[in-house]
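# Remarks on the overall topology
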Amino acid sequence: MKYVDEYRNADAAAAIAAELSFDRHVKLMEVCGGHTHAIYRYGLDALLPDEVELVHGPGCPVCVIPMGRVDDAISIAERPEVTFTSFGDMLRVPGGRRRSLLEARARGADVRIVYSPLDALAFARANPRREVVFFGVGFETTAPAVALTLQQARELRVRNFSVFCNHVLIAPALRAILDSPETEIDGFVGPGHVSTVIGTRPYEFVAREYGRPVVVAGFEPTDILQAVARLLRQLREGRAEVENQYGRVVREEGNSEALAALAEAFTVRDDFEWRGLGPIPRSGFRIADAFAEWDAENKFEVPGARIEDPKACRCGDVLRGLAKPNECGVFGTACTPEQPLGTCMVSSEGACAAYYAYGRHHA
Amino acid sequence: MLERLPDGLAKVDFGGVRRSVSVAFTPDARPGDWVLVHVGFALATLDEDEARATLDLLGEALDAELSA
């Protein structure tokens, strides 16, 4: 496809990689799970010199949802009047006692996969006797779609539709990682698609307050290698700036229509719990008061329990860049994509799933 | 993007698969534009000048490698 194939040119990738080197060990975090997958799918890790280490960040929306919220979702889905709709990869995420939405469906709950939240709303309009709930999961990339769906639900007065909102914000998660005393990251490959919505300005604090460079990058192999090259150049020259390698779709100011929809439909929560990172202040969206009627947390009682991750699973360490997936004791044995223990093995954007799929089974 | 449809929708060709997507967030997108689509919504229109500029940098990297 045009504007995709060109960025997969193997000779160009090798040419960039040949130029990469650094005079000490550097750790660069690719924030986005989409980048993690591209790196292993195309074997970019093998092209980098030994001193340049890539660590994987928290930018996998499915991965960061804590088990307690999965149990809340299951409790809503098990109500007889509810049709529970979700993106496919949330269905296999285990909650407490390793139960998932998929198992809830096997026991009789009406759980359905949708491609878009608008499909869930259309299903609600076509089935007025069902209470249709959409599982809102995702960063600012996905949240605008849900915001617009809420606006349409209100406009069309669809009373049998609601959203169980678990949307999260990327910038507070980066701050939490930078504030963590155990994490030493020299620079960030900034997330691409979330930046089409929020722009590049929300990362300015990383450069200004923490002195770390950020290069927002596209998802093709040469995009990521270019971003790494630009990060190394900044580090070599002692600069810490926000650069945009993905200018073909990311604008500095983001997408004003999408940001306006977010501002109308959502309010930032005081704090939200992340798997592995714990509660992070002002890091998640709830549904705005003006849309309270479409908030599943108002409509249905949820247990709201906080559940610790299974001890054997190191998802939390993986999400903070402290451990590589293949350093986890259950990786590829007790935890596989078919029978996952932790979220990082479930999601198509999870680092463990990437290591498993692309053969990085040994540390 | 192939064509604009009513109700803020547009028909988009995903390398062979055609689907209608919302263009509520890309009101200026026109047939013939390349759009970035996520969960049924076009989030951005591809800027062809910027795309070429990135490719030019790739070309420079290649040239440098070949002449080295």
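Placed above this text is the structure.
Residues numbered from 1 in each chain as written. Chains lettered and ligands numbered in written order. Predicted model: local features only at pLDDT ≥ 70, side-chain atom pairs only at ≥ 80, totals over all residues.

Of regular secondary structure, chain B possesses 1 helix and 5 strands. Starting at the N terminus and walking to the C terminus, you meet the elements of chain B as β-β-β-β-β-α. Out of the 68 residues in chain B, the part that is buried amounts to 34%. (Helix = DSSP H or I, 4+ residues; strand = E, 2+ residues; numbered from the N terminus. Buried ≥ 20, exposed ≤ 12 C-beta atoms within 10 Å, placed from the backbone.)

Another point: the interface of chain A and chain B. Facing 29 residues of chain A, the contacting portion of chain B comprises 25 residues. The greatest single-element share of the side of chain A that touches chain B, amounting to 5 residues, is contributed by helix α1 (residues 10–19) of chain A. Taken together, the residues that form the side of chain A that touches chain B break down as 15 nonpolar, 10 polar and 4 charged. (Contact = placed C-beta atoms within 7 Å. Nonpolar A, V, L, I, M, F, W, Y, C, P; charged D, E, K, R; others polar.)

Here the focus is the packing of helix α7 (residues 143–155) of chain A against helix α12 (residues 256–265) of chain A. All names here are of chain A. The geometry of α7 relative to α12 is characterised by a closest axis approach of 8 Å and an angle of 60° between their N-to-C directions. It follows from the interaxial angle that α7 and α12 lie oblique. As α7 packs across α12, the resulting crossing turns out to be left-handed. Each of Ala143, Pro144, Ala147, Leu148, Leu150 and Gln151 in α7 lies in contact with α12, whose residues at this interface are Ala258, Ala261, Leu262, Glu264 and Ala265. Across the contact of α7 with α12, the residue classes break down as 9 nonpolar, 1 polar and 1 charged. (Axes fitted to C-alpha atoms, helices over the stretch in contact; angles between N-to-C directions. Parallel < 35°, antiparallel > 145°, perpendicular 65-115°, else oblique. Left-handed = near helix turned anticlockwise from the far one by under 90°.)

Take unusual backbone geometry next. With a phi angle near 55°, Arg157(A) is a residue other than glycine that sits in the positive phi range. The backbone of Asp7(B) sits at a positive phi, close to 60°, despite the residue not being glycine. One can find Asp7(B) in the loop between β1 (3–5) and β2 (9–14).

This paragraph deals with the sheet that holds strand β5 (residues 131–138) of chain A. All names here are of chain A. Strands sit in the order β4-β3-β5-β6 across an open sheet of 4 strands; the sheet is parallel. The open sheet is flanked by β4 (110–113) and β6 (161–167), the only strands paired with a single partner. The mean angle between the axes of side-by-side strands here comes to 25°, regardless of whether they run parallel or antiparallel. Two strands pair when backbone bridges link them, and strand β3 (residues 82–86) and β4 are joined in this way by 4 bridges, in the parallel orientation. When the sheet's bridge partners are listed, Phe84 is paired in β4 with Val111. Helix α4 (residues 67–77) rests against β3, β4, β5 and β6 of the sheet, and its axis sits at about 140° to β3. Taken strand by strand, α7 contacts β5 and β6, and its axis lies near 155° from that of β6. (Pairing = 2+ DSSP bridges.)

Let's shift gears to the sheet that holds strand β9 (residues 242–244) of chain A. Residue and element names in this part refer to chain A. The strand order across the open sheet formed by 5 strands is β2-β1-β7-β8-β9, and the pairing between neighbours is parallel. Edge positions in the sheet fall to β2 (52–59) and β9, since each of these pairs with one other strand and no more. Here the strands of the sheet are splayed against their neighbours by 20° on average, with no regard to which way each runs. In the sheet, strand β1 (residues 26–32) pairs with β2 via 6 bridges, with the strands oriented parallel. Paired with Leu28 across the strands is Leu54, a residue of β2.

Residue and element names in this part refer to chain A. Most of β1 is tucked away: 6 of the 7 residues are buried. Pairing geometry for β1 and strand β7 (residues 187–190), over 3 bridges, is parallel. From the neighbouring strand, Met29 faces β7, where its bridge partner is Phe188.

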